[in-house]
Amino acid sequence: MSEAKKNVKMTVFKTDRHEDLAAMFFVTIAVVSVLVYMAYIVPSITLQAPMDGKITAVTVQPQAQVNKGDLLYSIETKEKKYAHEALEEKIVTKEIHAKTSGKILSVMAKAGDEVKKDKNDILVLEHVKGTLP
Amino acid sequence: MEEKHGMTKVVAIIPGLAFMVLTLYILRTYVEPWMTTAVILGQKGWLVKVLHLNYILLAIIAGMLYRNLLWAGKIPAWAEEGFRTTRLFIKAGVMMLGSLYTIQSLAKVGGVAITLIMTFVFGTILFVMYYGRFQKMDRSLVGVMAAACGVCGVSAAIATTPAVRAKPADVALAIATVLGFGIASMFISPFIGHMLHLSDYQFGAWVGTGILNSGQVLATCLAYNPTIAPGTAVAYGEIWNVVRVISIPFVVFFITMWYWRAEAEAEHVTLIGIIKDKFPIFIIGFFAMTAFSSLGMLGAEGSATIQLMRTVMSWIFGLGLIGQGAYIDVRELKAAGGAPLKVGLAAGLCKYALALVVVLLFVSKEANF
Amino acid sequence: MKILLALDPSTDTMDEALRFATEKKADLTALFVLDSTWNDYTGHDWLSGSGSRADFLEYARDAEITSETDIIAKFRARCPSACEIKTATGRVTDEILLELTEGKYELLIMSHPFRRGLEMMRDAAGVILKQANCSVYLIRDNQSHRSASDVGDLLVASIAT
């Protein structure tokens, strides 16, 4: 049998097992890159509104130190939830806590502000190096 | 064709991959935002609100247009190697989807998924075995169609073919049938889901059970709701997908045993041997990600880290799906015919409709997580 | 006159090509192409992991080789020495067009539908007619309504023996 006939070219990899392993390697690189980037390279993060709603209270001031779990602000939002097979919509107030310890650099939102998900900035947090904001 | 090695192989990937990245960049940066504001038939955002188009569907459609219109049915040599990375990206995306779950949440939904899937898998296998015999189909082809319709479509057909000595030409027809059905349901299911006001949980459960070719389950869920987060269609659909993928070696074993039972010279197969040969090990990566997520190593839910991780995931899926679209040749699908088409259509339609009825009757709108 | 016969399982096409070549006193070359596009045909399938797809592609390749042996034997039986037989591996229509260009043939004879490898799922004649640089003689293949190709039949036969 000639080599040309023997050649069963799968992918850029020799077999799917290689492809599986390559995918695992690729994921490891991607995940580690994201974690290292967020933990060590990004100096601070801007927290944006996680949902549409109205800010009811901002409990932190610029330059304040916060610990993981501390309350940052509260937001009033419409929550859609299935209950008893029907979609219920009710107004709830959600408390947003710090995901990591750090220092508040600035606060852009104030109580009463209407905010849109991923559009409005709430505050800027400088997280402790090595933690995931 | 000259075989490439080492760096030449890596360099050969670049043009096709760059083309996929550029396509996705244009779709996400220009086309998707334009769709939300474009006024068509007097309605702002008609393409999104009525056609439910999003970057996932656009990616698949773009791939299909490249292959079928721009390139007249064949991926050109310069792009070939790059497009071959499509499976790598989707597998990587699937592994990263593992981060949407914790071990507890998997355990909660996994029970429902396993029950539904196993009932439908073996129900469909028995249906195809009966109907195939009724259609006087070749036994080996019955085996392939039973695997294809029962569990994971093309992947199961491919895994079973050598074991039951099916004719490659018949398998080609079976693949066209199963893939054609998968693609049709990928475009139709979101409409039905929106029409029936299915929750993300119900939609994931339905398409995860009812779509013939598992390759399209993820894409269908993302087409229904492109958000990648816990509690979305893709988070539920993927659990169904993983259960299906894990069951492939067991289904292959079952069908191989059934096939050789009636043959004079039985081939010696063992379940361990089949698992060793056929188990898709990338699924281990999925569970590893779930374990890391359960241990809180990937950042807290709602954190900027998790958000970035999901953005990376959405780009990885987008790239993979452009490639998937480009591997669909409509002319080849149109050639589907013969007994595989009859049996595939009967099994596929029954499964699709029955899964919807079961989900509507027994799966609550509220998810367990 | 130089004629190229694209081989597929159709013996009617082989017979007609030989008759035509004899009548025209032409040189007849037969070309068998092993289809290497099974990988692309299953390229969308990302769920297969480990050895599944490799096993399948090897299985399909073995079927191609069995088919090659049988079809060439059938042709040899009809034309023991006078005809040249060539083989190639790749996308079937591409290889036929390449041979037409390189061999400077004046006529291509092939079956329609053309049942070589995955071309049974494609329109080989349509592609060839659009791009061929010579005349094309299509012979209606009356066996093409069968769903099982000779490729598969032969593979099963070879396993049985």
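Above this text you will find the structure in question.
Residues numbered from 1 in each chain as written. Chains lettered and ligands numbered in written order. Predicted model: local features only at pLDDT ≥ 70, side-chain atom pairs only at ≥ 80, totals over all residues. Heavy atoms only, no water.

*Asks:* Go over the state of the cysteines with me, naming the residues and quoting the values.
*Replies:* Using the criterion set out here, one finds 1 disulfide over all chains in the structure. One disulfide bridge connects Cys79(C) with Cys83(C), the sulfur atoms lying 2.0 Å from each other. In this structure, the disulfide formed by Cys79(C) and Cys83(C) twists by about 90° around the S-S bond and is classed as right-handed. Here Cys79(C) matches Cys83(C) in class, with each residue buried. Here Cys350(B) stays free of any disulfide, with the sulfur of Cys149(B) as its closest cysteine sulfur at 10 Å. (Disulfide = S-S within 2.5 Å. Buried < 20%, exposed > 50% of the residue type's maximum accessible area, 1.4 Å probe, protein only.)

*Asks:* Any details on the pattern of salt bridges? Residues and values, ideally.
*Replies:* Enumeration over the complete set of coordinates arrives at 19 salt bridges over all chains. A salt bridge links Arg310(B) to Glu301(B); its shortest N-O distance comes to 2.8 Å. Using a relative accessible area of 45% as the deciding quantity, one classes Glu301(B) as partly exposed. Ionic contacts of the salt-bridge type, sharing partners, join the residues Glu19(A), Asp20(A), Arg87(B) and Lys91(B) into one network. (Salt bridge = Lys/Arg side-chain N within 4 Å of Asp/Glu carboxyl O.)

*Asks:* Which residues make up the packing of helix α2 (residues 16-41) of chain A against helix α5 (residues 86-97) of chain B, and what are the values?
*Replies:* α5(B) packs onto α2(A) with a crossing angle of 55° between their chain directions and a minimal axis gap of 9 Å. Taken together, the axes of α2(A) and α5(B) are oblique relative to one another. Considering how the two elements wind past one another, α2(A) and α5(B) form a crossing that is right-handed. Taking contact as the criterion, the partners of Asp16(A), Glu19(A), Asp20(A), Ala22(A), Ala23(A), Met24(A), Phe26(A), Val27(A) and Val31(A) in α2(A) are, on α5(B), Arg87(B), Leu88(B), Phe89(B), Lys91(B), Ala92(B), Met95(B) and Met96(B). Looking at the contact of α2(A) with α5(B) residue by residue, the classes come out as 11 nonpolar, no polar and 5 charged. (Axes fitted to C-alpha atoms, helices over the stretch in contact; angles between N-to-C directions. Helix = DSSP H or I, 4+ residues; strand = E, 2+ residues; numbered from the N terminus. Parallel < 35°, antiparallel > 145°, perpendicular 65-115°, else oblique. Left-handed = near helix turned anticlockwise from the far one by under 90°. Contact = heavy atoms within 4.5 Å. Nonpolar A, V, L, I, M, F, W, Y, C, P; charged D, E, K, R; others polar.)

*Asks:* I'd like a description of the nonpolar core, backed by residues and values.
*Replies:* Leu72(A), Leu123(A), Leu97(B), Trp206(B), Trp240(B) and Ile255(B) are the most contacted members of the largest nonpolar core, which totals 172 residues. In terms of residue count, the dominant contributor to this core is helix α12 (residues 233-261) of chain B (16 residues). The residue makeup of this core includes at least three contributed by each of domain 1 (3-40) and domain 2 (43-127) of chain A. When sequence neighbours within four positions are dropped, the list of residues in contact with Trp240(B) reads Val109(B), Val112(B), Ala113(B), Leu116(B), Ile117(B), Tyr201(B), Gly204(B), Ala205(B), Gly208(B) and Thr209(B). (Core = buried A, V, L, I, M, F, W, Y, C linked by side-chain atoms within 4.5 Å. Domains from an automatic or database assignment.)

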